[in-house]
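Chain by chain, the residues run as shown.
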Amino acid sequence: MKHCGTQRLETERLILRRFIIEDVEAMYKNWASDNDVTKYLIWQTHSSIEVTKSIIEEWVSSYGDEKFYQWAIELKEIGEPIGSISVVHMNESAEMVHVGYCIGKTWWNKGITSEALRAVMDFLFDVVEVNRVESRHDPRNPNSGKVMKKCGMKYEGTLRSSDRNNQGICDASYYGILRTER
């Protein structure tokens, strides 16, 4: 893989970019403090803006690492982040990355997450030269799986009681796509 870190990506409606400290308020209000957004995620709802600030400070300090991929999903129309998308795990020897994402519920069911995932997948395949991109979701959150399918990922199976999120121990439905399948 040819790591190059989080690069600015642009789509019709979105700018995918590195987080900056000025994004703290938008992240907190637009998605990180919302229990509906974090219901099936593995990280806790942010209890205060200080938690969000700490997370963004950590991300900003990690951008020097060429293997760190963490994007703010900025909606051009409003000029602020409405979600995030990142590589949450990678297996270098298999040239595989696992992508996670979330956006504020105001922007659910508008194709925005699919647009962001498609752009990130293109970048990972074309620039980083990964062989496989995968993702997973709790089956009780089927809309997350719809995003994966819409982006060409294939359902590969559900591992029973193999994960933990804010609902407790849960199943995990896996999707993947290979570079040759695009």
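Model, not experiment: these values are computed from the prediction.

**Q** Quick question: what am I supposed to make of the overall build of the chain here?
**A** Looking only at helices and strands, the chain has five helices and eight strands in total. Order of helices (α) and strands (β) in the chain, N terminus to C terminus: β-β-α-α-α-β-β-β-α-β-α-β-β. In terms of overall size, the chain behaves like a compact globule, its C-alpha atoms giving a radius of gyration of 15 Å where 182 residues would be expected to give roughly 16 Å. Taking the principal axes of the C-alpha coordinates as reference, the chain spans close to 40 × 35 × 30 Å. Within the chain, contacts between residues at least 6 apart in sequence are counted, and of these 66% link residues at least 24 apart.

**Q** What is the right way to look at the nonpolar core in this model?
**A** One recurring pattern in soluble globular proteins: nonpolar side chains tend to sit buried together. If you look at the biggest cluster of nonpolar residues, it comprises 34 residues, and the most contacted ones within it are Ile 73, Ile 85, Leu 124 and Val 133. Elements that contribute at least two residues to this core include exactly strand S2 (14-17), strand S3 (70-75), strand S4 (80-91), strand S5 (96-103), helix H4 (112-128), helix H5 (142-150) and strand S8 (168-178). A per-element tally of this core places H4 first, with ten residues. Beyond its immediate chain neighbours, meaning those up to four positions away, Val 133 contacts Val 97, Val 99, Met 121, Leu 124, Phe 125, Met 153, Tyr 175, Gly 176 and Ile 177. Of all hydrophobic cores here, the second largest spans 13 residues; its members include Phe 19, Val 24, Val 37 and Trp 59.

**Q** Help me understand the sheet that holds strand S1 (residues 9-10), please; the structure alone is not making it clear to me.
**A** The pairing of strands in a sheet happens through backbone hydrogen bonds and is either parallel or antiparallel. Pairing within the open sheet is mixed, and its eight strands lie in the order S1-S2-S3-S4-S5-S6-S8-S7. Of all the strands in the sheet, just S1 and strand S7 (154-165) have a single pairing partner and so form its edges. Summarising the sheet, S3 and S4 pair through six bridges and their orientation is antiparallel. Bridge pairing links Ala 72 to Ser 84 in S4.

**Q** Even after reading the chapter, I still don't get the pairing of strand S6 (residues 132-137), so can you show me in this structure?
**A** The buried fraction of S6 amounts to five of the six residues, a majority that puts the element mostly inside the structure. Note: S5 against S6, three bridges, orientation parallel. Pairing of His 98 across the sheet is with Glu 134, part of S6. With H4 bridging S5 and the parallel S6, this β-α-β connection has right-handed handedness.

Analysis parameters
Note on numbering: residues in each chain are counted from 1, in written sequence order. Totals for whole chains, interfaces and linings use all residues, but because this is a predicted model, local features are given only for residues with pLDDT of at least 70 and pairs of side-chain atoms are given and counted only at 80 or more. For the side-chain quantities, the full set of heavy atoms in the structure was used; hydrogens and water were omitted. Elements are defined by DSSP. Helices are runs of H or I of four residues or more, strands are runs of E of two residues or more, and each kind is numbered from the N terminus. Radius of gyration here uses only the C-alpha atoms, and the compact-globule reference equals 2.2 Å multiplied by the residue count raised to the power 0.38. Residue contacts are defined here by distance: any two heavy atoms, one from each residue, within 4.5 Å place the two residues in contact. The nonpolar core is taken to be a set of buried Ala, Val, Leu, Ile, Met, Phe, Trp, Tyr and Cys residues, with the residues joined through side-chain atoms within 4.5 Å. Remark: exposure states derive from per-residue accessible area (1.4 Å probe, protein chains only) relative to the maximum for the residue type, with buried under 20%, exposed over 50%, and partly exposed in between. For two strands to pair, DSSP has to find at least two bridges joining them. With its strands directed away from the observer, a crossover is right-handed exactly when the path from the first strand over the helix to the second travels clockwise.

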